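Coordinate inspection notes
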Amino acid sequence: MRTPWLIRPVSVAWCAGLWAYFLKALLLAFWLICAAKVGAQPSSQAKEIKPPQTAAERESASAARVMLLVSYHAGMAWSDAQIAGLRSELLRYGRPVKLSLDFLDTKHVQPLPGYLEKVEDLLLTKYGLSPPRLMLATDDDALDFALRMRARHFPTVPILFSGVSGSRRASLQQEGNISGVFDDTNESQNLALMLKLLPQTKRVVIVHDQSRTSLAQVASLAPVLAQHSRLQVEHLTRMSVREVQTRLRALRNTDLVLALPFNLDAQGLVISHEEASELWAKAAAAPLTVTRDVSMRPDILGGYLITGRMQGEYLGRLAVQVLEGRRAGDLPMLAAPGVPTFEHQQLRLWGIDEAALPNHAMVLHRPANWWADLRPYLGWLISLFGSLLIIIALLINGIRLRHRSEQALRQSTQNYLALFNGSNDAILVRDGKSLAIIDVNPRFCSLYGYSPAEAQLLSAAQLSDEANFYTGEKITERINKARNEGPQFFEWRSRRRDGSHFWADVSLTSFKLPEGERIISTVRDISDRKQLETQAQAFQHQVKQIYQNLPVAVFAIDAGHRVTFWNEQMTRLTGVAEKDIIGSDEVWRGIYPTARPCLVDAVVDGLGLESLTHLFGDQLRSSDVVPGALEGEASIPAQGERAELWLRFCAAPLRDEQGQVIGAIETVIDVTALKRTQASLLTLNQQLEARVEARSHELELAMEQLLQADKMAALGSLVAGVAHELNTPLGNLLTVATTFADVSKTFGQELLDGRLRRTDVVARLDQLHDASQLIERNAKRAAKLVTDFKQIAVDQSSTHRREFDLRSLVDDTLSMLSSSHLLGQVQVELDIDPGIHLHSFPGPLEQILSHLVTNSVKHGFESQAEGRITIQAQAKGSDVFITYADNGCGIAPAALRHLFEPFYTTRFGQGGSGLGLYIVYNLVTSVLGGGIDVSSEPGCGCRFDLHLPRYVDSQPPEI
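Parameters and conventions
- Every chain is numbered on its own, with residues counted from 1 as its sequence reads.
- Restriction of local features to residues with pLDDT of at least 70 applies here, the model being predicted, together with a cutoff of 80 or more for giving and counting side-chain atom pairs; totals for whole chains, interfaces and linings are based on all residues.
- Just so you know, side-chain values use all the structure's heavy atoms and leave hydrogens and water out.
- Secondary structure elements are taken from DSSP: a helix is a run of H or I of four residues or more, a strand is a run of E of two residues or more, and numbering for both begins at the N terminus.
- Residue burial is assigned from relative accessible area. The probe radius is 1.4 Å, only protein chains are included, and a residue is buried under 20% of its type maximum, exposed over 50%, and partly exposed in between.
- Any two residues having at least one pair of non-hydrogen atoms within 4.5 Å are treated as being in contact.
- Between any two strands, pairing holds if DSSP finds at least two bridges.
- Orientation is described by axes fitted as lines to C-alpha atoms, over the contacting stretch for helices, and by angles from 0 to 180 degrees between their N-to-C directions.
- Residues enter a nonpolar core if they are buried and are Ala, Val, Leu, Ile, Met, Phe, Trp, Tyr or Cys, with the set joined through side-chain atoms within 4.5 Å.
- Of the grid points, spaced at 1 Å and generated over the protein atoms alone, those admitting a 1.4 Å probe that cannot get out make up cavities, while open sets with protein on both sides within 12 Å along at least five of seven lines make up pockets; any residue with an atom within 4 Å of a point is treated as lining.
- Grid points are joined across faces, edges and corners, and a volume is the space filled by probe spheres set on the points.
- Under the scheme applied here, ten amino acids are nonpolar (Ala, Val, Leu, Ile, Met, Phe, Trp, Tyr, Cys and Pro), four are charged (Asp, Glu, Lys and Arg), and all others, including Gly, are polar.
- Any pair of Phe, Tyr and Trp rings, taking the six-membered ring for Trp, is counted once the centres come within 6.5 Å. Such a pair is stacked with planes under 30 degrees apart, edge-to-face with planes over 60 apart, and tilted for the rest.
- By the criterion adopted, a ring carries a charge over it if an Arg CZ or a Lys NZ lies within 6 Å of its centre and within 35 degrees of its normal.
- The handedness criterion is simple: a crossing whose near helix is rotated anticlockwise from the far helix by less than a right angle is left-handed, and one whose near helix is rotated clockwise is right-handed.
- Any Lys or Arg side-chain nitrogen found within 4 Å of a carboxyl oxygen on Asp or Glu counts as a salt bridge.

A look at the environment of Gly754
Residue position: Gly754 is located in the loop between α26 (716-753) and α27 (758-797). Gly754 gets classed as partly exposed once you look at its relative accessible area, which sits at 28%. Gly754 sits 87 residues away from Thr667 along the chain, and the two C-alpha atoms are 8.8 Å apart. Residues contacting Gly754, with those up to four places away along its chain left out, are Val552 and Ile669.

Dropping the structure here:
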């Protein structure tokens, strides 16, 4: 049993085409519904808006009249497809087109002279002798009739055609002012392809009638048939439909059937292309090919197919060009290409491999793994079928509206009210004569604050700002423009019932109805958008004010090197007023004495540094901050009363959203005073270097005296440390001298960037004064270091060994530190095993604890109001293990590995000498004979682990 056509498996490509078709059907359905709404008689509950109906109103329309003559009858798929394609292209034309559509019905009536005379009289009666803008004809009979009409009545009207045999090209070119698209399929190409796909073919059976189109296609087959002389050729023509079917049933699988147009059999029976293909497909026992898409059926193999839709689209494109002013005779006569289309089951039936098909061939109803093909589009297909259900519902509703006017009226009223009442825009309907408000929707009431009854008493002035431009009279002028010129769209200051105002987008459209003219107004509140626009304008003004009031001279040019911005600082610097330079390309005025390119000109032209050396020397460089910017400085010679200037420039490109350079902006800073300051700083720097050298010599003498005075061998390493520590203040003094150059460079860059004020310049000069004080403080610091090391030597020389209790020693040390107010709010927790006695040196151990506590207070608890110190001690055999920990800020990993080095401190310049933990390390390892380890993490405090022998039998070394 044959599977119904509509439920057979389809390919994804076919589904995509069906989706496009149904989208167009949706638009058509919407148009039909709207047409049904307009055609229905209005009731007391609905106000229908209808297009012009009377002859006078139709004449008032400004649409171009186009006459379309169709050879055949309405409902014929080939003709309907051409009309649909034509309409789709005419919709792209920017102006209204009035399309007059007439069918000659030559499939049912012979186009004899008498019949054509009557049709001609009918058309002249319908449209009069006023010539149309353009005449369109589909298929040969309509083209012949169009040529007849033009010859008799409209000699200057251009003619465009579609669906016409290409054999008429030469004769049509003689007509003049005519063009179109031929529907000839390349039958020779089609036959050659089929013979390639079916090499076993021995006979070609051609089914055709005696129409001009069929005979022309038969003639086109001659070249291919001549190349295959072994083939038998049989023509099935001048037969009845039944006779043709009988012959087709008798064919074998080595035969090939070419189905050409067959619309009239020997008995006068008229059949359509699709009806003929159905009849041949049911009877044919051999492969069957067709020439048109409307003829394609599941039992037909396929071939190169032309489509009525494509014919109509080509015709529509030519029509748009003629309506836009081109002459029809100047347009080429086209030939729509055929699309290779095949049926999958037929390919399998006749043993044809799909790989042998032409590129981009369409294979219909391919069943293999169709679910896998459709799976990626499952969501899309669900939406498709949902849309199809909506489309079907709309189509059914449209048919019911057209056939049942009362039901259509009710449905139309409901739809109208739903759109009218559910609109997000306020809608007013006015009478065309009195301009009185007839109806408003709920959005109008909520937006303006009036009830529907109150709204009908309002005038245009009561809904307007009535200030400046926004008056009722201006609204009346807009309404008159809507009547005469078409819909009006504009912004308006509207007024609510409470007197408040808001900005609105307003559209006015005039409609002519049987009961009179109506003016439809839609109002959309755009207050938020206007507020954003106002803010944007304010921001733009603010930015301009910022540039105008910058303490730096700024100007800008466009891509044509014309000045677009020139602030007050540029006027003060150059003496050229903004009004005299804006729009000019003489940006050099006021800067250079003669005409020459500026830095912004080079940026706009995209010149590199190498190209600008002759203009700016080696003072130019690329900016490290702004991509594509150039900066530099130059000496500007004196002009008139103005002395020589040193100017610093920085020019950057201005780009659009695509990154293209549309101009450039440049800042100009007068650095003349800076240059003078730099010269002064250079002189002062040389003086400071001399002073530093003198102080350094004095410190070296003091170091030699210290080394001569300190003869103790145990302090040798400390003396070396003294030399190292003295080098630190000396290095600081030398650093001050070398820093001046960097300070001046930084000072100049900051001036160029416009980030310094006069107070900043004074602050920089104060730094120079502070430098001499820094030298003096470092010299005093060196002297103090010498004194501290002398004291360390005295303390170490007075150390004696004795036996002592560890807990008592720790308590005494903490008591001493508490009396000196060093501990403050610090909490100390002790966990020392009782009875731990050491025979060692108590003085160094006290000194170790003092240094650790001092280090925690000054470094670990610097940013804390309170701190906690924990001291633990345990005796294990002949050793004592002491743990000192605090909960301070901890020590950074980079500093941890240098902690016990002499003179290493993180408080350089704040009183720290860097000797505390160095002394601790030497006391633990050299004097007490033990070891010390430190561990810490930033933010987690610091911990020192000491292990000391309980008995020390030697004298302490001097450190």
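Observations concerning the pairing of strand β27 (residues 837-840)
The side chains of a regular strand alternate between the sheet's two faces. Of the two faces of β27, the one lined by Leu838 and Ser840 is fully buried and the one lined by His837 and His839 carries no buried residue. Taken together, the four bridges between strand β25 (residues 802-805) and β27 define a ladder with antiparallel strand orientation. Along β27, the bridge assignment pairs Arg802 with Ser840.

Details of unusual backbone geometry
In the Ramachandran plot, Asp105 falls in the positive-phi region, its phi being about 55° despite a non-glycine side chain. With a phi close to 55°, Asn177 is a non-glycine residue in the positive phi region. With respect to the secondary-structure elements, Asn177 resides in the loop between α6 (169-175) and β5 (178-182). Judged by relative accessible area, Asn177 falls into the buried class, the value being 15%.

With respect to the sheet that holds strand β30 (residues 931-936)
With respect to topology, five strands assemble into an open sheet ordered β26-β28-β29-β31-β30, the strand pairing being mixed. This sheet does not close on itself; its edge strands, each paired only once, are β26 (827-832) and β30. Recorded for the sheet is a direction-independent mean angle of 15° between the axes of neighbouring strands. Of the strands in this sheet, β28 (868-876), β29 (879-886) and β31 (942-949) touch helix α29 (residues 842-860), which is tilted by about 20° from β29. Each of β30 and β31 is contacted by helix α31 (residues 916-927), which is oriented at about 140° to β30, the strand it contacts most.

Re the nonpolar core
Judged by nonpolar contacts, the single largest core of 42 residues is most densely connected at Leu806, Leu845, Ile848, Val853, Ile882 and Phe944. Sequence-distant contacts of Ile882, that is, excluding residues within four places in its chain, are made with Leu806, Ile871, Gln872, Ala873, Phe944, Asp945, Leu946 and Leu948.

What to know about empty space enclosed by the protein
Here the idea is plain: a probe the size of a water molecule rolls over the atoms and shows the empty space left. According to the stated counting rule, one finds seven cavities of 30 Å³ or more in the structure shown. Listing elements by their share of the lining of the largest cavity, those giving two or more residues are β14 (426-431), β16 (488-495), β17 (501-513) and β18 (516-525). The residue inventory of the lining of the largest cavity, partitioned by class, reads nine nonpolar, three polar and one charged. Reported here for the second largest cavity is a volume of approximately 80 Å³. Looking at the second largest cavity, the residues that line it are Ala259, Leu260, Pro261, Phe262, His273, Ala276, Ser277, Trp280, Val290, Thr291, Arg292 and Ser295. Among the elements that take part in the lining of the second largest cavity, helix α11 (residues 273-283) stands out by supplying four residues, more than any other.

Section: the pairing of β17
Both β16 and β17 contribute to a ladder of eight bridges, which runs antiparallel. The residue bridging Trp492 from the neighbouring strand is Ala504, located in β17. As consecutive antiparallel partners, β16 and β17 are separated by five residues, and within that stretch Gly499 has a phi angle of approximately 90°, a positive value. Here β17 pairs with β18 via 10 bridges, running antiparallel. By the bridge assignment for β18, Lys512 is matched with Glu517. Hairpin geometry of β17 and β18 is characterised by an intervening segment of two residues between the two adjacent antiparallel strands.

Here's the deal with the packing of aromatic side chains
Taken as a whole, this structure holds 11 aromatic pairs when the rule is applied. Among the aromatic residues, those joined into a cluster by ring pairs are Tyr470, Phe490, Trp492 and Trp503. The lysine or arginine in question, Lys107, covers the ring of Tyr72, its NZ or CZ lying 4.5 Å from the ring centre. If you follow Lys876 out to its NZ or CZ, it ends over the ring of Phe881, 5.6 Å from the centre.

Structural notes on the packing of helix α10 (residues 241-249) against α11
One can describe the packing of α10 onto α11 by two numbers: an axis separation of 8 Å at closest approach and a directional angle of 35°. Crossing of α10 against α11: the hand is right-handed. Each of Val241, Val244, Gln245, Leu248 and Arg249 in α10 lies in contact with α11, whose residues at this interface are Leu279, Trp280 and Ala283. Class assignment for the residues of the contact of α10 with α11 results in six nonpolar, one polar and one charged.

Remarks on the pattern of salt bridges
Pairing between side chains of opposite charge can happen when the charged atoms of each approach one another. The full count for this structure, using the stated rule, is 31 salt bridges. Here Arg247 makes a salt bridge to Glu234, at a shortest N to O gap of 2.3 Å. Of this pair, Arg247 sits in helix α10 while Glu234 sits in strand β7 (residues 232-236); the two residues are 13 residues apart in sequence, bridging distant segments of the chain. For Arg247, a relative accessible area of 28% corresponds to the partly exposed category. With a shortest N-O distance of 2.6 Å, Arg529 and Glu491 are connected by a salt bridge. Taken together, the residues Arg529 in helix α20 (residues 527-548) and Glu491 in strand β16 connect sequence positions 38 residues apart.

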